[in-house]
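Okay, here's what each chain looks like letter by letter:
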Amino acid sequence: MEKRKLRMNLTTRNSWNGFFFVLPFYIGFMLFFLHPLIQSLLFAFHSVKIDVKEYTMSFMGLKNFNYIFAQDADYKINLIFGSLDLFWKVPVIVISSLFFAMILNQKFFGRGFIRAVFFLPVIIATGVAMDVVQGDMIASSIFTGNVVSGGEISHSSALRSLLLEAGMSEAVTRSITAVFDNMFSLMWKTGIQMIVFLAGLQSISPSLYEASAIEGATAWENFWKITLPMLLPITMVNVIYTIIDLFTDSKNAIMLQVLSNINTLRLGWASAMAWAYFFVIALVLAIVFIVFSRLSRNHS
Amino acid sequence: MFNTLAEYLTLKHHRSPQIFKYKVSGFVVKTFRLLFIIGLSYLFLFPVFYMLSASLQDPAMAHDPSVIWIPKQISLASFNGAIKALNYWESAILTFIIAAGSTVASVVSCSVVGYGFARFRFFSSRIGFMLVVLTIIVPPQTIAISSYLNFRFFDFGGILKLFSPLTGITEWNLLNTPWVFIIPSLFAAGLRSGLFILIFRQFFKGMPRDLEEAAKIDGCGALKTFIRVMIPLSIPAYITVLLFSFIWHWNDLYSSSMFFTLEIRPLSVMLNGLLSSLKDSGVIDSAMTTFEMRSYMQAGAFLTILPPLIIYIFTQRYFTESIERTGIVG
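Residues numbered from 1 in each chain as written. Chains lettered and ligands numbered in written order. Predicted model: local features only at pLDDT ≥ 70, side-chain atom pairs only at ≥ 80, totals over all residues.

A. The overall build of chain B, seen in detail. From N to C terminus, chain B includes 17 helices and zero strands. Split into buried and exposed, the 330 residues of chain B put 42% on the buried side. Here the analysis covers contacts within chain B between residues at least 6 apart in sequence; of these, 72% occur between residues at least 24 apart. (Helix = DSSP H or I, 4+ residues; strand = E, 2+ residues; numbered from the N terminus. Buried ≥ 20, exposed ≤ 12 C-beta atoms within 10 Å, placed from the backbone. Contact = placed C-beta atoms within 7 Å.)

And the structure:
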């Protein structure tokens with residue numbers, strides 16, 4: 001009886017300890033996340049006026065949403081094209097970061113230096129400095145070898161004419177050249193994903209590869225039968241991170257619209273835009289979750 | 001005499017064709033890998049070299065078509081101009097205070113919270129962790145507006161109002177101060193804090209429990225175990241989060257451009273408006289061509305990334321080696 005009581009106390013004490021460790025997050029969540037989250041949801045249904053001392057809200061119903069979808073010329077287009085872009089951008093980023101990570105995971109001369117270089121995107125690409133370089137005509141012409149004519153860069157002009165010669169339709173050609181035009185900035189988005197994949201690759205037990213070597217498997221088979229299935233959870237993390245990264249990019253057309261509405265103090269519209277946008281993100285993420293849970297079920 | 005080259009080489013070197021084939025394919029793979037690495041290194045180093053090269057160029061010589069990479073005459077004119085237009089020193093100090101302050105704050109708070117989620121079962125521990133994931137998924141833009149108002153009329157969830165009879169202050173305007181980043185970071189709700197909590201949690205989960213139990217037997221409490229045992233063992237995770245957090249705060253544009261509207265703003269915001277501030281401060285006039293403005297812009301960009309780049313050069317050894325052991329994977 002005595003012993004049982006003591007153990008109860010220990011468990012209770014332990015759980016209180018855990019609660020105290022997490023307490024800062026709960027406070028921060030309430031103050032800096034939940035409070036603004038609920039407030040911005042309210043803003044989406046109100047018209048907000050800011051005075052010097054305080055702000056006033058008046059209820060508008062769905063008028064803000066009605067405005068952004070029916071009257072704002074750009075919002076709907078930005079939303080649709082922003083989401084469609086994901087279908088090719090996410091695979092390109094995730095697959096190439098996996099490829100880079102697999103190369104960096106091998107042993108070769110000067111690996112430490114090369115890794116330092118490959119992680120540079122983490123340092124630079126998240127900043128405005130990258131935009132300055134990308135916005136520079138000479139930089140992009142040196143880099144891509146494209147022609148600067150009349151202040152405009154004709155991207156992938158050779159590829160474009162080649163594809164059109166080969167009888168591809170205009171739309172297909174445009175989407176293929178878009179991939180190559182954006183290659184530079186897309187490769188620069190692989191930094192974090194590469195690190196996460198690298199950590200994932202390191203965590204695969206070498207004994208699996210040893211066993212498959214004894215069975216006589218080739219590197220190609222190893223990749224499909226061991227590496228990829230083992231990396232599935234990490235791949236999901238990376239896909240989600242990439243989607244969020246692309247969606248919340250501050251150069252994103254919708255983000256710019258939200259920001260400009262905030263700057264002109266039309267907070268109701270800005271909130272409505274942000275919330276409609278969040279629902280699109282949530283929808284995309286839900287699809288990703290479903291696809292990946294299907295995949296992992298198939299594997300197990 | 002010989003049917004194939006491979007056969008000839010095989011006989012010449014007295015090796016079996018199998019081994020020879022293996023060697024050749026190994027060579028091909030290595031060459032391909034080397035070329036690939038060189039190409040990608042060029043891709044990743046290009047912006048740094050380009051910024052440096054363009055900014056060392058004398059703006060007056062910008063039209064010289066014979067110069068691509070190495071300027072004929074090294075000139076610091078564009079650096080001086082960019083420093084003036086960016087308000088470089090004041091802005092850099094402000095950015096450093098923001099980045100360093102919130103990095104320290106979020107590393108401390110996120111590691112504590114991460115430890116709580118990793119090692120303890122308690123009421124609401126599951127739901128709490130789902131809330132962490134929620135903070136990662138919700139884009140900062142969704143809550144940006146109300147955060148703005150929250151900091152404009154800051155009262156700490158009503159607590160400051162309670163004390164207002166004593167202090168005489170009912171609310172604080174935290175906009176344009178580093179506190180807009182540091183205070184949320186203290187409560188693990190700052191820039192990308194959710195991600196840091198996740199990294200720490202996964203890392204602590206992967207550590208063996210034996211050491212903590214030994215510490216407990218020696219009479220350490222939970223907090224003391226964490227400080228004395230876990231922190232010294234988790235230096236790699238700390239360095240990774242330290243670097244991520246510093247860089248993200250340094251480079252942050254969205255929140256910074258919203259919270260800072262005065263003369264001195266974080267460097268990323270200053271750089272974003274560099275072209276107009278170059279014109280306003282009279283460094284360039286509107287008659288200048290884009291070629292001449294280019295070196296000022298690149299100098300500004302280079303100056304902006306220079307401090308984190310220097311920090312990265314000194315810490316990258318820890319960083320590139322530690323990633324393998326952070327176990328972000330779980």
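B. Fine view of the overall build of chain A. Scanning chain A for helices and strands turns up 16 helices and four strands. Each of the 300 residues in chain A was classed as buried or not, and the buried ones make up 29%. Residue pairs in contact within chain A that sit at least 24 positions apart in sequence constitute 65% of those at least 6 positions apart.

C. Region of interest: unusual backbone geometry. Residue and element names in this part refer to chain B. The phi dihedral of Asn87 is positive, around 55 degrees, even though this residue is not glycine. On the secondary structure map, Asn87 appears in the loop between α3 (77-86) and α4 (88-119). Residue classification places Asn87 among the partly exposed residues on the basis of 17 C-beta atoms within 10 Å. Notably, Ala188 is not glycine yet its phi reads approximately 55 degrees, a positive angle.

D. A look at the interface of chain B and chain A. Each partner contributes residues to the interface: chain B has 74 residues there, and chain A has 76 residues. Counting only elements with at least two residues in the side of chain B that touches chain A, the list comes to α2 (17-56), α4, α5 (125-137), α6 (140-152), α13 (235-251), α14 (254-259), α15 (267-272) and α17 (290-326) of chain B. At 14 residues, α17 of chain B tops the list of elements feeding residues into the side of chain B that touches chain A. Across the side of chain B that touches chain A, the residue classes tally to 49 nonpolar, 21 polar and four charged. (Nonpolar A, V, L, I, M, F, W, Y, C, P; charged D, E, K, R; others polar.)

E. How the structure looks around the domain arrangement of chain A. All names here are of chain A. By the assigned domains, chain A splits into domain 1 (66-125 + 188-299) and domain 2 (128-186). Taken over C-alpha atoms, the centre of domain 1 sits 23 Å from the centre of domain 2. Across the boundary between the two partners, domain 1 contributes nine residues, which contact seven residues of domain 2. The leading source of residues in the side of domain 1 that touches domain 2 is helix α3 (residues 75-105), at four residues. The residue inventory of the side of domain 1 that touches domain 2, partitioned by class, reads six nonpolar, no polar and three charged. (Domains from an automatic or database assignment.)

F. Quick look at the nonpolar core. Met273 of chain A together with Ile197 and Phe200 of chain B are the most contacted members of the largest nonpolar core, which has 136 residues in total. With twelve residues, α4 of chain B is the largest single contributor of residues to this core. The two domains that each donate at least three residues to this core are domain 1 (66-125 + 188-299) and domain 2 (128-186) of chain A. Not counting the four nearest positions on each side in its chain, Phe200 of chain B is found in contact with Cys110, Ser111, Gly114, Tyr115, Ala237 and Val241 of chain B. (Core = buried A, V, L, I, M, F, W, Y, C linked by C-beta atoms within 7 Å.)

G. Seen up close, helix α12 (residues 206-215) of chain A. Counting buried residues in α12 of chain A gives zero out of ten residues, a small share hidden from the surface. Backbone geometry just after α12 of chain A places Gly216 of chain A at a positive phi near 90 degrees.

H. Main features of the packing of α3 of chain A against helix α16 (residues 267-299) of chain A. All names here are of chain A. At their nearest, the axes of α3 and α16 sit 12 Å apart, and the two run at 25 degrees to each other. It follows from the interaxial angle that α3 and α16 lie roughly parallel. Seen along the crossing, α3 lies across α16 with a hand that is right-handed. Residues Tyr75, Leu79, Ser83 and Leu86 of α3 lie in contact with α16, whose contacting residues are Met273, Tyr277, Val280 and Val284. Taken together, the residues of the contact of α3 with α16 sort by class into seven nonpolar, one polar and no charged. (Axes fitted to C-alpha atoms, helices over the stretch in contact; angles between N-to-C directions. Parallel < 35°, antiparallel > 145°, perpendicular 65-115°, else oblique. Left-handed = near helix turned anticlockwise from the far one by under 90°.)

I. View of the pairing of strand β2 (residues 55-59) of chain A. Residues and elements named next belong to chain A. With respect to burial, β2 is a largely exposed element, only zero of its five residues being buried. Of the strand pairs in this sheet, strand β1 (residues 46-50) and β2 are connected by five bridges, and their pairing is antiparallel. In the sheet register, Val48 faces β2, and the bridge partner there is Met57. (Pairing = 2+ DSSP bridges.)

J. Structural detail: the packing of helix α15 (residues 253-263) of chain A against α16 of chain A. Residue and element names in this part refer to chain A. Relative orientation of the contacting elements α15 and α16 amounts to 160 degrees, with a least axis distance of 8 Å. Judged on the interaxial angle alone, α16 and α15 are roughly antiparallel. Of the two possible hands of crossing, α15 and α16 adopt the one that is left-handed. Where α15 abuts α16, its residues Ile254, Gln257, Val258, Asn261 and Ile262 lie against Leu267, Trp269, Ala270, Met273, Ala274 and Tyr277. Among the residues making up the contact of α15 with α16, the classes are represented as nine nonpolar, two polar and no charged.

K. Layout of the confidence of the model for chain B. Residue and element names in this part refer to chain B. Model confidence for chain B is summarised by a mean pLDDT of 82, while 86% of its residues fall at 70 or above. Helix α1 (residues 5-13) is the least confidently modelled element of chain B, averaging 59 in pLDDT, while α4 averages 94, the highest of any element. Confidence drops under pLDDT 50 across residues 326-330; counting only partners more than four residues distant or on other chains, this segment forms 22 contacts. Predicted complex, confidence summary: ipTM 0.81, pTM 0.80. (pLDDT = per-residue confidence, 0-100.)

L. Expanded view of the confidence of the model for chain A. Per-residue confidence for chain A averages 79 on the pLDDT scale, and 88% of its residues sit at or above 70. Overall, residues 147-154 of chain A carries pLDDT values under 50, and its contacts beyond four positions in sequence, including any with other chains, amount to eleven contacts.

M. Spatial organisation of the environment of Glu170 of chain A. Topologically, Glu170 of chain A is positioned in helix α9 (residues 170-181). Sequence separation between Glu170 of chain A and Ala129 of chain A is 41 residues, and the spatial gap between their C-alpha atoms is 34 Å.

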